[in-house]
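Observations on chain architecture
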Amino acid sequence: MNALDSKVEAYLKSELEPLRKQELYELVEASKTSSKSRAELESAFEGPLHFGTAGLRAKVGPGPNRMNAQTVIKTTWAIAQEAGCGTQEGLHAVIAFDGRQDSRALACWSARTCISAGVHVSLFDEAVPTPIAAYAMKKLRASFGMIVTASHNPPADNGFKVYWDNAAQIIPPVDTQIAARILDAPCPKTLTPKNLFEAIESGLLHSLGREMIDAYFQEMLEVNTKLLSKVNDDAPAKKQVKTRPLRVVYTAMHGVGNPYTYKAIDSLNDVVCVSEPVQADRDPHFSSTDFPNPEEEGALTHALSCATSNNANLILANDPDADRLSIAIPPEGSAHFGPSQSKNAYVKLTGNQIGTLMLDYLLANAQDPQNAIVASTVVSTQLSRTICSAYGASFIETLTGFKWIANMAQRELMAHPKKFFLMGFEEAIGFSVGNLVRDKDGVHAARVAAQMGISFQARGWSWHDALHDLYTRFGTPRGQNGYVKLEGHDAGAKMVNSMAELRAEPFSTLCDEKIIHVEDYLESETMRSNILVYFGEHGTRLVIRPSGTEPKVKYYLENIAPADSNYKLDLEEAVKAIKARLV
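This one's a predicted model, so the numbers in the text were calculated from it and none came from an experiment.

Topic: the overall build of the protein chain
- A tally of helices and strands in the protein chain yields 19 helices and 21 strands.
- Radius of gyration (C-alpha) of the protein chain: 24 Å, near the 25 Å computed for a compact globule of 583 residues.
- Across its three principal directions, the C-alpha atoms of the protein chain cover 75 × 55 × 50 Å.
- Across the 583 residues that make up the protein chain, the buried fraction comes to 57%.
- Put simply, the protein chain shows about 24200 Å² of open surface, and 50% of that area lies on carbon and sulfur atoms.
- The positive charge centre, built from 58 side chains, and the negative charge centre, built from 68, are 2 Å apart in the protein chain.

Printed below as a string of structure tokens:
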């Protein structure tokens, strides 16, 4: 018996899910005659699933390197131990799940494991958006929380996001300490998770449903009204052009956004919202798209067709767990509020464009922008810092990932209690408005986007007019973000090697622009991370980092040249040079 066979045999003895056991038997048999099946078996057992960016993400299936009951039980046990299980009384966990395959079942395994450890659990009784789950953690002051979701990953994947006692995703050293505890976790069968019906009778399990969802919407309206107080005060004066209601098409991408985001949009005055029918219902197979990520090419095809049919002024899209928001608008030069000529005519805004437009809108309508706190990541546009400076708002730059935005914002609020959190955003279409949720919130962000559309329409503006006005005042950014995807079972090693090669031989020029400074975040005392930042002599900035969830090396290229400069970076040539180094 070889080493792999021994691992499989030991794993089968601890298997709790009949379906996973059957899948593993079939995979073992297939691996005897198929090299592809053998590679899949080796991948499933090449090691325990890496506990990475605030949790886990992987393909659903049997094996220690896959998402399944064993993985979730061990991880939950480790989280409970790190939270003080056995030494602290009254621990309370909030657990939620999205609409992906096995999400509900995995959430129940997690709940049973917590209950076995004596932790009180509040478990959602239906699939909900990630922001509503994160809201519940804050409202209930949970000791920790988990959401079973893989966000925008491919249909075969699932995941597990972890939050701590401040209702924000975990950051070091908590994540590394949990990862270490996972390695010491006992056999899942020895953890003997209790039956959930017994847990209800014992008082350790509590159901979360409509009451919590209603509380989220009520507080959203309160936060929204408070932050945009000038909108209500000046509404009559700002309505300079008599218009029809804003026509919005919304797509949930087969995720959990319907009916929550639809409600957030449709409840506004002067808005008619149409839910795109093909992707409105939850579908764990994401049957109308190969990759349920609104950033991907072709993901909004159905929404574009629906928008054309309905003469929509605005397309809003969530990813499957509704924590991110994508926006598409009619083309420049078309009638501002009339039909588009073609389903391909709509223009998808970048996360940086959405973020800076939203930031300017919120700051312009806040009562005291000088006390506002805004946070964004090192890979997002540099324009946000300029906008904050113009309004006198405090700006925080963080590492990549919304966990850093939420945690750093909370620290800033504790240090300056008279200030308030206005907005956080990252270029990967993640936005939070106010302190409603300490994570990305595609539901509330969609409402704010619709409010922006109403405001622009009242001025007689298109979204292009709004962007032009923004860039006239603060500078015009030019750039491109992208990635090189690495293939094979050694994709992780390839990412490490790619970054190591860039450190050994950094860029000296980018096209015809000389690189004058390089920042290596592995050398930072306060923001240590595997990030390289190159600064060019004409205002170009290039950020390179490996993805924390997928086998990709990502690049973020931006040039904001001074107003008196005639320099224009050749984007096509620059991207070609970057990709050549990342392969």
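Quick look at the packing of aromatic side chains
- Across all of its chains, the model carries 8 aromatic pairs by this definition.
- Ring plane angle 80 degrees and centroid distance 5.4 Å describe the contact between Tyr-11 and Phe-45, whose orientation is recorded as edge-to-face. Linking Tyr-11 in helix H1 (residues 3–13) with Phe-45 in the loop between helix H3 (35–44) and strand S1 (55–59), this pair joins segments that are 34 residues apart in sequence. The same class applies to Tyr-11 and to Phe-45, which are both buried.
- Between Phe-456 and Trp-463, the ring centres sit 5.0 Å apart and the planes meet at 90 degrees, which makes this aromatic pair edge-to-face.
- Classification of Phe-456 as buried rests on a relative accessible area of 7%.
- According to the relative accessible area criterion, Trp-463 is buried, its value standing at 7%.
- Put simply, the rings of Tyr-135, Tyr-216 and Phe-217 pair up and form one aromatic cluster.
- Over the ring of Trp-109 we find Arg-112; its NZ or CZ atom is 4.6 Å from the centre of that ring.
- Taking the ring centre of Tyr-483 as reference, the NZ or CZ of Lys-552 above it sits at 3.9 Å.

Side note on the pairing of strand S14 (residues 420–426)
- Of all the 7 residues making up S14, 6 are buried; the element is thus mostly covered by neighbouring parts of the structure.
- In this sheet, S14 lies alongside strand S12 (residues 372–377) in parallel orientation, the contact comprising 5 bridges. Residue pairing for S14: Ser-376 is matched across the bridge by Phe-425.
- In the sheet, S14 pairs with strand S15 (residues 430–433) via 4 bridges, with the strands oriented antiparallel. Residue pairing across strands places Gly-424 opposite Ser-432, the latter belonging to S15.
- In this antiparallel pair of consecutive strands, S14 and S15, the connection spans 3 residues, and Ile-429 shows a positive phi of 45 degrees.

Observations regarding the packing of helix H6 (residues 130–139) against helix H9 (residues 210–227)
- Viewed as axis vectors pointing N to C, H6 and H9 meet at an angle of 90 degrees, and their least axial separation amounts to 10 Å. As judged from the angle between their axes, H6 and H9 are roughly perpendicular. In contact with Pro-131, Ile-132, Tyr-135, Ala-136, Lys-138 and Lys-139 of H6, H9 contributes Met-212, Ile-213, Ala-215, Tyr-216 and Glu-219.
- Taken together, the residues that form the contact of H6 with H9 break down as 8 nonpolar, no polar and 3 charged.

Focus: the sheet that holds strand S17 (residues 509–510)
- Pairing is antiparallel in the open sheet, where 6 strands are placed in the order S16-S21-S20-S19-S18-S17. Each edge of the sheet is formed by a strand with only one pairing partner; in this case those strands are strand S16 (478–485) and S17.
- Two strands pair when backbone bridges link them, and S16 and strand S21 (residues 552–559) are joined in this way by 8 bridges, in the antiparallel orientation. The residue of S21 that forms the bridge with Tyr-483 is Lys-554.
- Each of strand S18 (513–520), strand S19 (532–536), strand S20 (540–546) and S21 touches helix H18 (residues 491–504); the most contacted strand, S20, lies at about 145 degrees to it.

Topic: the pairing of S21
- Of all 8 residues in S21, 8 are buried, a share of seventy percent or more.
- Relative to S21, S20 runs antiparallel, the two being bridged by 7 bridges. Bridging from a neighbouring strand, Arg-541 pairs with Glu-558 of S21.

Quick notes on the environment of Pro-64
- Mapped onto the elements, Pro-64 comes out in the loop between S1 and helix H4 (69–83).
- Along the backbone, Pro-64 and Ala-428 are 364 residues apart, and their C-alpha atoms lie at a distance of 30 Å.
- Beyond its immediate chain neighbours, meaning those up to four positions away, Pro-64 contacts Tyr-11, Ala-44, Phe-45, Gly-47, Pro-48, Leu-49 and Thr-71.

Thoughts on a negative patch on the surface
- On the surface, a cluster of negative charge is made up of Asp-512, Glu-537, Asp-570 and Glu-572.
- Residue placement: Glu-572 occurs in helix H19 (residues 571–582).
- Given a relative accessible area of 61%, Glu-572 falls into the exposed group.

With respect to H1
- Taken together, the buried positions of H1 are occupied by Leu-4, Val-8, Tyr-11 and Leu-12. Summarising the axial view, the buried residues of H1 lie within an arc of 100 degrees, below the 170-degree limit, and thus occupy one face. Exposed side chains of H1 directed beyond 90 degrees from the buried face belong to Ala-3 and Lys-13.
- Its buried side turned inward, H1 meets helix H2 (18–31), H3 and H4.
- Two or three places before Leu-4, at the start of H1, stands the capping residue Asn-2, its side-chain oxygen 3.2 Å from that residue's backbone nitrogen.

Digging into the sheet that holds S15
- An order of S13-S12-S14-S15 is seen for the 4 strands of this open sheet, with the pairing classed as mixed. Both edges of this open sheet fall to strand S13 (394–398) and S15, since each of them pairs with a single strand only. If you compare each strand with its neighbour and ignore which way they point, the axes differ by 15 degrees on average.

Quick notes on helix H12 (residues 301–309)
- Buried within H12 are the following residues: Ala-303, Leu-304, Cys-306 and Ala-307. One face of H12 carries all of its buried residues, which in axial projection span an arc of 165 degrees.
- Where H12 is buried, its residues touch strand S7 (246–251), strand S8 (271–275) and strand S9 (314–318).
- Following H12 by one or two positions, Asn-311 has its phi on the positive side, about 50 degrees.

A few points about unusual backbone geometry
- In this structure, the amide linkage connecting Pro-172 to the following residue, Pro-173, adopts the cis form with an omega of 5 degrees.
- With respect to the element layout, Pro-173 can be found in the loop between strand S5 (157–163) and helix H7 (174–183).
- For the peptide bond that leads from Asn-258 to Pro-259, omega is 5 degrees, which places it in the cis range.
- Relative to the helices and strands, Pro-259 resides in the loop between S7 and helix H11 (260–266).
- One non-glycine residue, Asp-102, adopts positive backbone phi at about 70 degrees.
- Along the chain, the position of Asp-102 falls in the loop between strand S2 (92–97) and helix H5 (103–116).

Parameters and conventions
- Along each chain, residues carry numbers from 1 onward, in the same order as the chain's sequence is written.
- Thresholds applied to this predicted model are a pLDDT of at least 70 for local features of residues and 80 or more for the giving and counting of side-chain atom pairs; totals over whole chains, interfaces and linings are not thresholded and use all residues.
- Side-chain numbers here rest on the full set of heavy atoms in the structure, without hydrogens or water.
- Put simply, DSSP marks the helices as runs of H or I at least four residues long and the strands as runs of E at least two long, and each gets a number from the N terminus on.
- The globule rule used here is 2.2 Å times the number of residues to the 0.38 power, and the radius of gyration it is set against is calculated over C-alpha atoms.
- Exposed residues in this analysis have more than 50% of their type's maximum accessible area, buried residues have under 20%, and partly exposed residues fall in between, with area computed by a 1.4 Å probe over protein chains only.
- Residue burial considers only the protein chains on display, and all accessible areas are found by Shrake-Rupley using a 1.4 Å probe.
- Residues counted as positive are Lys and Arg, residues counted as negative are Asp and Glu, and His and the chain ends are not counted.
- Here the site of a charge means NZ on Lys, CZ on Arg, CG on Asp, or CD on Glu.
- Only Phe, Tyr and Trp rings are paired, with Trp represented by its six-membered ring, and only when their centres lie within 6.5 Å; those with planes under 30 degrees apart are stacked, over 60 edge-to-face, the remainder tilted.
- For a Lys NZ or an Arg CZ to count as sitting over a ring, it must be within 6 Å of the ring centre and within 35 degrees of the ring normal.
- Two strands qualify as a pair provided that DSSP identifies no fewer than 2 bridges between them.
- Each axis is a line fitted through C-alpha atoms, taken for helices only over the stretch in contact, and angles between the N-to-C directions span 0 to 180 degrees.
- Roughly parallel means an angle under 35 degrees; roughly antiparallel, over 145; roughly perpendicular, 65 to 115; everything else is oblique.
- Here, residues are in contact when the closest pair of their heavy atoms is within 4.5 Å.
- Gly is placed with the polar residues, together with every amino acid not listed as nonpolar (Ala, Val, Leu, Ile, Met, Phe, Trp, Tyr, Cys and Pro) or charged (Asp, Glu, Lys and Arg).
- Without a salt bridge and with relative accessible area above 30%, a residue can belong to a patch; like charges are then joined within 9 Å and nonpolar side chains (Val, Leu, Ile, Met, Phe, Trp, Tyr) within 5 Å.
- A carboxyl oxygen of Asp or Glu within 4 Å of a side-chain nitrogen of Lys or Arg is what we treat as a salt bridge.
- By arc we mean the arc of the directions from the helix axis to the C-beta atoms, nothing more.
- Between N or O atoms, a polar contact is any pair within 3.5 Å; within protein, one atom must be a potential hydrogen donor and the other a potential acceptor, and residues adjacent in sequence are included only when both atoms are from side chains.

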